[in-house]
Each structure stands twice: as structure tokens, then as C-alpha cells.
Amino acid sequence: MAAPTAATAKSMMKKLTGSLLESVYTSSKGSECLPADSGTGRDYLVDFLEKEVGSDLKSLKNVGDLLEKLREENSGLEKQVVTVSSCVPPKVSAALSAAEEAACSLKDLLQKEQLISNKLHQHLQGAQPWMDNLGQTLNQVDTIERNVKYLRCLQHIEELSAAVQQCLMTSSVWEAIRAVDNMAALDAGLNQSGCSHLQDYLRETLHFWHKIIKDRLASDFEKVLIQLHWPIISPPTQSLTPTANGQEINSQLELLVAQLLALQTSDDLISQRPLASCHVAPSTQPASLATAPSQVPPLCLPIQIMLLPLSRRFRYHFYGNRQTNSLSKPEWYLTQVLMWMGNSSAFMEEKIQPILDRAEAPISAMVELCRGLLCLVQEKVASDASRLLYDDVLFCHLVEEVLQFEKELRSNQSYPQALPGLLHLLLEDATLQKWLTVEKKMAVEKMDAMLSAEGAWSSQYKDISDMDELKAPDCAETFMTLLQVITERYRALPCPSAQLKFLGLQRELLDDFRIRLTQVMKEESRFPLGARYCAILNAVNYISTILGDWGDNVFFLQLQQAAVSLGEEVVMGGLGVMEVGRLASLEGSLFEGLLALLDRLKGDMMGRLLEWTMREITEKAKPYSQDRWLSLPAQQDQSTMTLSSSACPMMLCVRDRLLNLHQVLSFSLFQLAWQGLAERLDHVLYQDVILSNHFSEGGAAQLQFDMTRNLFPLFGHYCKRPENFFKHVKEACLILCLNVGSAILLRNLLKESEEQGTGLASAEDPPPECALNELGVYCLASCDVSILLNLRASWPGQ
């Protein structure tokens, strides 16, 4: 029997699928095991049978088992569906019942809440009268309590006052001071209270007893000071050794100082500010002033008392109609105060400071004395400055004396930098603006005078070679000294903003001086080799050098950082983001713009100077360039080589100009001058002499002799290898003086290289530059060498 074909097997598979599907539908009627779509179910069964049976008809014997297996799975699924369907309704019913019970409970609770709320509202309405009565009672109790506290505080004040009175009657000063301190502490506690009458009463009481104690202690203290010969007006002529009762006086001094220090707290509280009458500060202090007078701690009480006789003397001599009170002589009272400080230093260090140290008071007796004396000077300087705003001469004198006083105060008296001296008085708006105006006016007047002076363009060190390297004319040196003096004046100011204003003034003066130099230079440019023109060039170079040094100075670097942080328009005005960034990173300097202008002026002047010099040298070199180089005899036909007669005027001119420039220009400028001159002369000789002529063997030898034995040595005084600055001429002489064989080989090599460039020769030949380098030719190109070889007249066959 033949095996069934694939088509037969597929037909039988479809019949089997149909019968199986019919059987399954019949057995599972009403179930949802198969999809409702019969087409989808049929496809599913076909795929399933192909997977389980395949195309092998011998496997069809297992169809019954497969059908039985499917029926069992179907039955199991039906049981699960029935079980789930029977369990779900009871759970849903239970959930619904629980929800109904919760709704009923919530309803009951809401009814109870409403009932309780009504009862509470009725209770509150009934209790409101009681609450009102209770509130009134509590307010009365609070008022009574505050009254009681008020009376207790008043009683405490009375008790303290009585205690102070009792202590003073029994001479118990320490107990009296403690009671006064308790009053001061009570006053501090009542500072936030609204009991103004109680505060006034307490302060009056405190002030009353404090004054009594202070007057008593001050009287005793002054008596002891008189016994110790205080104040010390003149330099002490003998040592401060104790007298016969010196031990007792020292004991009294220490006791009184300690008691006065104990009274300091209440004294500060009463005064409210430290020696307010002494500090006359400007009305508008600069925001950047670190330590204003109002921020310093108060003077200690013993020093205040010690200052009283000095204050009386100061006011007696330097106020009113006294001859010593002169606006034109501020140095009188400034010097007097410095003398008092110096004369009193030994007394303060030997007598007062040890007592302060034993009392563990963190106070320097000498510094406190200087602070007190400065109060007197500050008031006087502020008064005089406001009266001198319209007198330039006296105002300048006052500023100079104040700066000198500040310098001596910080150096000789070791007064701390953290404490204010007198400089903050000069930073008041009107005073500072006047100072800037006067500085500019005086500087401009001095500029006019120094530029019109007889020796303005000559150096004062011209006869001293070691000191005259820059050869700066007197006007430039005087001007930079003027700027340096201005710097020294404003260097000590405690306000960077004010310092930057003076820096702006200096930059303005520098630009003004540059413009003046430019104007004078234009007048002298008709003869750049003149002494005045070179002096102007030296002045520009000198100012550039000084400004370069200032740009690296620590003081100006600090000002640069301050200008960046403050954004000062005086200094930063007109700068872009890149320039500001360079200043912030310290790559640039505050004088960068001025240096650029000065360098441009220096370059223009140097170029004009060299152009004028080269014009003269070129004129002298014309006979040399027209010499008969083609007909000169060979070197072996001459007994000795001598300089060409036509070159003598040029050589003399070069020599004279180098000597002249060396004498009138500074070292750095002369270096630029002779190097620039050599570069230009190299170009002129190469173009006008060498490329414009043909050379015989003798002419080439003569040219090389003139250059190497005569021209180059003129520059040899200023460098070791002058030929390096005449590269074109030197290498041209090498090419022209090659022996005939080497010249022929080189010409052929260059010709082959040229053909190689057009593709007519082998590419394996070495480049001609190697051969040129072996000959010592590095500057000239191959084409230039070819031109020079064509200028040779001595070729075989010619």
C-alpha cells in the first residue's frame, strides 16, 4: 500500500479538526473555554494539532488520548468557574451589609454630635458672665502685681541709694561702687521697659551717686598725681624713683586706679558714648573707612582724669585770641601733642601700666593717653580744615602737617593701625575734594615751571656715567618725583576709594604730561638728531620704565584689586570685560593704557629718528653703490686690501651717528636704535649696492672686505657678533665670493631643483637648502641665491 501524500494528510487533518471541534463544542456547550469567534477557535485547534500530531498520520492513534486529556482539562476548568461563581456573592453581600451598618452608626454619631454641640453652646452662653467677671478680676490682679513689682523696684532703688549713702558716710568706697554697679545693672534690665518715669528716676539717682563717687575719687586721684608731678610737660630731667613717702603714694595710686576702673561700667552707661564731646567726626564718613571714631571703645576713667590738665592747657594755648592759635601754624599744636606723648611715655609705662596689668584690665596706658590727646587734636583739625577750604596755601600746609603728624604717631609712638588717627578727617567730602583740586592745581603749575626751565631737557647726572643709564631729562625726573610724592601722601589713607581717586588724578597728570611731550616733539621733529628730540625720547622711555615698575609694586597691585572689587569709574571707566578680567587676574596693570600710548609715541619717535639717519646714510652711500664693481682687479693682483674710497663717506656717517646716538640716548633706547639702524642698513646695501651691480672676482672680494673689515666692526663695539644683524649682506658676500667650482656646482644644483619643481628632474635629489646651509646661508632663499650667482661676472667661457 502506498504511503499517503502530503495533500492527503492535510485533507485528513482538516476532517479530524472539524470532528474534534464539533466534539469539543458539543461537550462544552454553554462554556467559555473557546473563543466566541468560531474562526479563531478553529485556527487555534489547527495550530494545536499541528504542534501535537504534525504531518505524521501514524500519530493519529494518539488522538483519542489527546481528546480525553482535553476533556479532563475542560471539566476541571468548569469546576473552578462554578466554585468561584458560588463564592463571590456571599462576600459582596457581607461587604454591603457592613457598609449599611457603618452608615447607620455614622448617622447616630452625627445626631449625638449635634446634641452635644447645642448643649455646649448653651453652657458657654451661661458661663460668659462668669468669664467676664473672672477676666476683670485677673486684670486687676495683673495690675496689682505690676504695681507691686514697680514698688519693689522703687524700693530696691531706695535701698541701693541708702546703701551708697551709708557706704560713703563710712568711707566704704568699694561697697558704694558695687551698689552703683547694681543700679547700672538694674538700669540695663529696665532698658526695654515702658516705665519711663521709673527709668528717669533710676538714672537720675545713678547719675547723682556716680558723680559724687567719681568726684571724690577724681579729687583724690588728682592730688596723688600732683604729688607724682603729673602732668609732665617738659622732658623729665630725673628718673621716676619714689620719694620718702613714695610707697604710700604708689599704694594710694593703685587703689584709686582700681576703684576708678571698677566705676567704669556705670560711667560708660551714663555717658552713652565715649568722650562724645571730644570726637568731632565728619558729617559723612566714607563707607569703606574701617574704624570710625564712634566705633572705638571709651577711654578708661583714670586716663580721662589724667587728661584733664592737658586738655585745659591745650584749650588755653590753641583756642581764642592767643598768639599760639594761628591757622598758618598747625604744626604748633601738633608738635605740642607729640611732645606730651613722648614726655609722658615713661610715666605711663612705669606707673600706670603695672597697675592696669595687676587689675587684669586689657588696656594699654600709653595707647589710651594717645587716644585722649588725639580727641583734642581731631576737634582742632576739623575746625581748622573747614576754615581753610578757600585758602590753598594754608590748606596745603595743614594737609602736610597732618600727614607728618600721622607718620610720627604711627612710627615713634607705636600707635596701632586699627585705631583712627587724623587721616579720616581728610576724607570728608568737601575736604577730600579740596585736597584733590589743590593737588592738581599745584602739579599743573609745577609742570609748567619744569618744562619751561632752562635745564629742562638736560640730565642732572650727565657727568656721572654710572648713574646716567636712563639719561632722563630733568623735567621728566622732576615730574615722576612729583607723582611719587603724591603717592606717598595718599598711601597712608585708610580708604581705598579715596586712594583710587588720587590714582585717577595721577593718571590724568601722566596723560597731560604725555600730550605736552608730544607737542614739544612735533616742534623738534624737523631735526630728529637734535639733543632736545632725543631728550624727549629719553623722557618717554624713562616714564614708561617707571610706570612698568609701579605696575609690579605691591601697593599699586592692592589698589588694582580694590578698583576691580569696587568697580571705580575713575580707574575702570571705558574698560571692556576683557580688560577688567585682565586686571582682576593681575595680568594687566592700572597703567596699561598709558603704557600703550607711551610705547606708541616711543615707536613713532624712534622710527622718525632712524628714518632721518638712514636718509643721510643712503645719500652718502650713493657713490659706493655706483662704484665699478665689474672692473675691479682680483685680490691676488693687489698688494693689500684697503677700504673703497667711495665707501669712506658712508662709513664715517655711520660711525658718527652711532657715536652721537650712544651719547644722547639711554642704554635701552640705543640698543633699539643701533639694531634698527643695522637692519635698515642691511636692506639698503643689499638692494642698492649688491642687487644693482654685477661683480667680478675682485669686486666681490672688495665688497666682502668693506663689509667684514670695516662696516661690521663699527657695530662690534655694541655686540659680540655684529654680522648677525647684516644677514643679507653677509650671505650675499659668501655667494659672490665662492670659488668658481663651488659656484658652478651650486648653480647646477639650483637649476636641477628648479627643474624638479616643474617635474623635469628626479625627485630623489636632496633639496638645495641643505647645500646652502652647509655654505652658511640660512636667510636667503634659493631664488635669491640664483639671482646672486647671475650677478657674478667670472664664469668659465665668459
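Residues numbered from 1 in each chain as written. Predicted model: local features only at pLDDT ≥ 70, side-chain atom pairs only at ≥ 80, totals over all residues. Heavy atoms only, no water.

Caption draft 1: Layout of the overall build of the protein chain. When you go through the protein chain residue by residue, the secondary structure sums to 26 helices and zero strands. Classification of the 798 residues of the protein chain by burial places 40% in the buried group. When contacts within the protein chain are restricted to residue pairs at least 6 apart in sequence, those whose partners lie at least 24 apart make up 76%. Surface accessibility of the protein chain: about 44,300 Å² in total, with carbon and sulfur atoms responsible for 55%. (Helix = DSSP H or I, 4+ residues; strand = E, 2+ residues; numbered from the N terminus. Buried < 20%, exposed > 50% of the residue type's maximum accessible area, 1.4 Å probe, protein only. Contact = heavy atoms within 4.5 Å. Areas by Shrake-Rupley, 256 points an atom, 1.4 Å probe, with all protein chains shown as cover.)

Caption draft 2: The arrangement of the confidence of the model for the protein chain in detail. Mean pLDDT over the protein chain stands at 84; residues scoring 70 or higher make up 84%. Across residues 24-37, confidence stays below pLDDT 50; counting only partners more than four residues off in sequence or on other chains, it has 13 contacts. When the criterion is pLDDT under 50, residues 273-293 qualifies, and its contacts beyond four places in sequence or with other chains add up to 40 contacts. (pLDDT = per-residue confidence, 0-100.)

Caption draft 3: How the structure looks around the environment of Leu 691. Relative to the helices and strands, Leu 691 is located in the loop between helix 21 (667-690) and helix 22 (697-716). With relative accessibility at 29%, the residue Leu 691 sits in the partly exposed group. Along the chain, Leu 691 and Ile 787 lie 96 residues apart, while their C-alpha atoms are 8.2 Å from each other. In contact with Leu 691, other than residues within four places in its own chain, are Tyr 686, Ile 787, Leu 788 and Leu 791.

Caption draft 4: Representation of the packing of aromatic side chains within the structure. Here the structure, examined in full by the defined rule, presents 23 aromatic pairs. A centroid spacing of 5.1 Å and a plane angle of 90 degrees characterise the contact between Tyr 624 and Trp 629, whose relative ring orientation is edge-to-face. Trp 629 matches Tyr 624 in its accessibility class, with the two residues each being buried. What links up through ring pairs into an aromatic cluster is the set Trp 435, Tyr 490, Phe 502, Trp 550, Phe 555, Phe 556 and Phe 591. Over the ring of Tyr 319 we find Lys 380; its NZ or CZ atom is 4.9 Å from the centre of that ring. We note Arg 491 situated over the ring of Phe 555; from NZ or CZ to the ring centre the distance is 4.6 Å. (Phe/Tyr/Trp six-rings, centres within 6.5 Å; stacked < 30°, edge-to-face > 60°. Lys NZ or Arg CZ within 6 Å of the ring centre and 35° of its normal.)

Caption draft 5: Quick look at the pattern of salt bridges. A complete count under the given rule lists 27 salt bridges for this structure. For Glu 488, the salt bridge goes to Arg 491, with nearest N and O atoms at 3.4 Å. Residue class for Glu 488 comes out partly exposed when judged on its relative accessible area of 43%. Judged by relative accessible area, Arg 491 falls into the partly exposed class, the value being 32%. The partner of Arg 532 in a salt bridge is Glu 524, and the shortest N-O contact between them spans 3.8 Å. In this structure, a network of salt bridges that share partners links the residues Asp 392, Lys 434 and Lys 441. (Salt bridge = Lys/Arg side-chain N within 4 Å of Asp/Glu carboxyl O.)

Caption draft 6: Structural context of helix 12 (residues 429-452). For helix 12, with 24 residues, the first-to-last C-alpha span of 35 Å sits near the 34 Å given by 1.5 Å per residue. When we look at burial in helix 12, the residues that qualify are Thr 431, Leu 432, Lys 434, Trp 435, Leu 436, Val 438, Glu 439, Ala 443, Met 447, Met 450 and Leu 451. Elements that come into contact with the buried residues of helix 12 comprise helix 11 (392-411), helix 13 (474-490) and helix 14 (496-524). (Expected span 1.5 Å × (residues − 1).)

Caption draft 7: Main features of empty space enclosed by the protein. For the structure shown, the criterion picks out two cavities of 30 Å³ or more. The computed volume of the second largest cavity comes to approximately 60 Å³. What lines the second largest cavity is simply Leu 510, Asp 511, Phe 513, Arg 514, Leu 517, Ile 543, Leu 594 and Leu 598. At the level of elements, helix 14 and helix 19 (592-625) are the ones that each hand at least two residues to the lining of the second largest cavity. Of all the elements, helix 14 adds the most residues to the lining of the second largest cavity, at five residues. Residues of the lining of the second largest cavity, tallied by class, amount to six nonpolar, no polar and two charged. (1 Å grid on protein atoms, 1.4 Å probe; cavity = no way out; pocket = protein on both sides within 12 Å on 5 of 7 lines; lining within 4 Å. Points joined across faces, edges and corners; volume = space filled by probe spheres on them. Nonpolar A, V, L, I, M, F, W, Y, C, P; charged D, E, K, R; others polar.)

Caption draft 8: Highlighting the environment of Lys 620. Tracing the chain through its elements places Lys 620 in helix 19. Each C-alpha atom, one on Lys 620 and one on Ala 647, is 8.2 Å from the other, the two residues being 27 residues apart in sequence.

Caption draft 9: Representation of unusual backbone geometry in the model. A cis amide bond links Trp 230 with the next residue in sequence, Pro 231, at an omega value of 5 degrees. Within the secondary structure layout, Pro 231 lies in the loop between helix 5 (196-227) and helix 6 (246-262). Phi at Glu 360 is positive, roughly 60 degrees, even though this residue is not glycine. Within the secondary structure, Glu 360 sits in the loop between helix 9 (330-358) and helix 10 (365-387).

Caption draft 10: Spotlight on the environment of Asn 748. Summarising the element assignment, Asn 748 is placed in helix 24 (residues 740-757). Owing to a relative accessible area of 35%, Asn 748 belongs among the partly exposed residues under this scheme. Expressed as a C-alpha distance, the spacing of Asn 748 and Ser 786, which sit 38 residues apart in the sequence, is 9.9 Å.

Caption draft 11: Spotlight on helix 7 (residues 264-271). All of the buried residues along helix 7 are Gln 264, Ser 266 and Asp 267. The buried residues of helix 7 all sit within an arc of 165 degrees when viewed along its axis, so they share a single face. Against the buried residues of helix 7 lie helix 4 (173-189), helix 5, helix 6 and helix 8 (301-318). (Arc of directions from axis to C-beta.)

Caption draft 12: Local environment of the packing of helix 13 against helix 15 (residues 531-551). At a minimum axis distance of 9 Å, the contact between helix 13 and helix 15 shows a crossing angle of 25 degrees. One element, helix 13, and the other, helix 15, form an angle in the roughly parallel class. Remark: the crossing between helix 13 and helix 15 carries right-handed chirality. Residue-level inspection shows Ala 476, Glu 477, Met 480, Leu 483 and Gln 484 of helix 13 in contact with helix 15, the latter providing Ala 539, Tyr 542, Ile 543, Ile 546, Leu 547 and Trp 550. For the contact of helix 13 with helix 15, the per-class residue count stands at nine nonpolar, one polar and one charged. (Axes fitted to C-alpha atoms, helices over the stretch in contact; angles between N-to-C directions. Parallel < 35°, antiparallel > 145°, perpendicular 65-115°, else oblique. Left-handed = near helix turned anticlockwise from the far one by under 90°.)

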